[in-house]
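Spelled out, the chains give:
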Amino acid sequence: MKKLKRGASFFICFPVMTLLFFGALGTAAGADDAYTAARKDMVLHQIKSRGIVDPNVLPAMERVLRHEFVPSSRKKDAYDDRPLPIGYGQTISQPYIVALMTQLLKVDHDSTVLEIGTGSGYQAAVLAEIAKAVYTVEIVQPLHVRSGKTLSRLGYKNISTLNKDGYFGWAVHAPYDAIVVTCAADFVPPPLIKQLKPGGRMCIPVGPPFKVQHLVLITKTETGTISTKVIASVRFVPLTRKGE
């Protein structure tokens, strides 16, 4: 693996029962959505103004009902420029970080994506607005159940969820065009590298738990060569392993 190239920016982010959903994309925001103005403001001032320009990502961030993915007591804070707790020591990531990681993956309508760390289901929903299929893995069983119910209720039919140790990915559906890891690992799990398609991209925070980590973009060439680039300094909750 090549030496990491360092970026200059810094952001803070505290981002078997199997539910299978196939078919159309998830529901978009309706005209009567009370949070429409807040969502538009979030995209304009938190995301677009910071350099997110992907024509797939911006409308996806505006369509996904972020307030549906946070606890009821935090709905009023759903569109704030910060992460929010969702229980079990986990968080929903800052909107800008979700948009940044999605843009880095260069997902399109033909992409098959793997997510490690479903959490609330918000990142999966954003990806599902763009990609053909999203496979997402969550080790915390209550979060797996809750996120699955939320995604189903909102009409997302191209998302499959799994309750499992995300370190090992989801090999049965590999290879993936893109992989996103929404929790910090001490190193890049080898199974994820193996499950990334040649020509694919992975975005993962790498570093010690509860300290500054590096948001790393990994690309695999058509010949299987791996290259890495540090995009930003971040803070994510740690990757939870079975037995921890």
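Note on numbering: residues in each chain are counted from 1, in written sequence order. Only residues with pLDDT of at least 70 get local features here, since the model is predicted, and only at 80 or more are side-chain atom pairs given and counted; chain-wide, interface and lining totals rely on the full set of residues. Remark: hydrogens and water are excluded; side-chain values derive from all non-hydrogen atoms of the structure.

1. As for the nonpolar core
Rules: Put simply, a nonpolar core is a bunch of buried Ala, Val, Leu, Ile, Met, Phe, Trp, Tyr and Cys residues held in one set by side-chain atoms that sit within 4.5 Å of each other. Exposure categories follow from relative accessible area, calculated using a 1.4 Å probe and restricted to protein chains: below 20% of the type maximum is buried, above 50% is exposed, and the middle band is partly exposed. Helix numbering and strand numbering both begin at the N terminus, where a helix is a DSSP run of H or I of at least 4 residues and a strand a DSSP run of E of at least 2. Should any heavy atoms of two residues lie within 4.5 Å, those residues are counted as being in contact.
Core analysis: the largest hydrophobic core is formed by 52 residues, its most contacted members being Ile-47, Ile-52, Met-61, Phe-69, Val-107, Tyr-122 and Tyr-156. Considering each element in turn, this core owes the most residues, 8 residues, to helix α3 (residues 95–105). Excluding residues within four positions of it along the chain, Ile-47 makes contact with Met-42, Ile-52, Leu-58, Met-61, Pro-95, Tyr-96 and Ala-99. If you look at the next biggest cluster of nonpolar residues, it comprises 25 residues, including Tyr-135, Val-188, Met-202 and Ile-226.

2. Concerning unusual backbone geometry
Of the consecutive residues Ala-174 and Pro-175, the connecting peptide bond is found in the cis state with omega at 5 degrees. With respect to the helices and strands, the residue Pro-175 is situated in the loop between β7 (159–163) and β8 (176–181).

3. Describing the pattern of salt bridges
The line we're drawing: Between Lys or Arg on one side and Asp or Glu on the other, a salt bridge is scored when a side-chain nitrogen of the former is within 4 Å of a carboxyl oxygen of the latter.
Evaluation of the coordinates by the stated rule reveals 10 salt bridges. A salt bridge links Arg-74 to Asp-77; its shortest N-O distance comes to 3.0 Å. A salt bridge links Lys-197 to Asp-177, with the nearest nitrogen and oxygen atoms 3.0 Å apart. You can see Lys-197 sitting in strand β9 (residues 196–206) and its partner Asp-177 sitting in strand β8, a full 20 residues away along the chain. Taken together, the shared-partner salt bridges connect Arg-74, Lys-76, Asp-77, Asp-80 and Arg-82 into one network.

4. Some points on the pairing of strand β5 (residues 112–116)
This is how it is decided: Two strands form a pair only when DSSP identifies at least two bridges running between them.
Counting buried residues in β5 gives 5 out of 5 residues, a clear majority hidden from the surface. Where burial is concerned, the two faces of β5 agree: the one with Thr-112, Leu-114 and Ile-116 and the one with Val-113 and Glu-115 are both buried. Sheet analysis places β5 next to β8, joined by 4 bridges and oriented parallel. Note on β8: the bridge partner recorded for Ile-116 is Val-181.

5. Some points on the environment of Val-172
Here Val-172 shows up in the loop between β7 and β8. Here the alpha-carbon distance between Val-172 and Gln-195, two residues 23 residues apart in the chain, equals 9.4 Å.

6. Considering α3
Among the 11 residues in α3, 11 count as buried, and that is most of the element. Within α3, the full set of buried residues consists of Pro-95, Tyr-96, Ile-97, Val-98, Ala-99, Leu-100, Met-101, Thr-102, Gln-103, Leu-104 and Leu-105.

7. Some remarks on the packing of aromatic side chains
Aromatic ring pairs are reported here in terms of the distance separating the ring centres and the angle at which the planes meet. This is how it is decided: Pairing of aromatic rings covers Phe, Tyr and Trp, the last through its six-membered ring, and needs centres within 6.5 Å; plane angles under 30 degrees mean stacked, over 60 mean edge-to-face, and all others mean tilted.
Taken as a whole, this structure holds 6 aromatic pairs when the rule is applied. With a centroid separation of 5.9 Å and an interplanar angle of 40 degrees, the aromatic rings of Tyr-35 and Tyr-79 are classed as tilted. Highlighted residues: Tyr-35 in the loop between β2 (18–20) and α1 (36–47) and Tyr-79 in the loop between α2 (57–63) and β3 (84–87), separated in sequence by 44 residues. Residue Tyr-35 is classed as partly exposed on the basis of its relative accessible area, which comes to 25%.

8. Considerations on the environment of Thr-102
Tracing the chain through its elements places Thr-102 in helix α3. In this structure the C-alpha to C-alpha distance between Thr-102 and Ile-179, which are 77 residues apart in sequence, comes to 9.9 Å.

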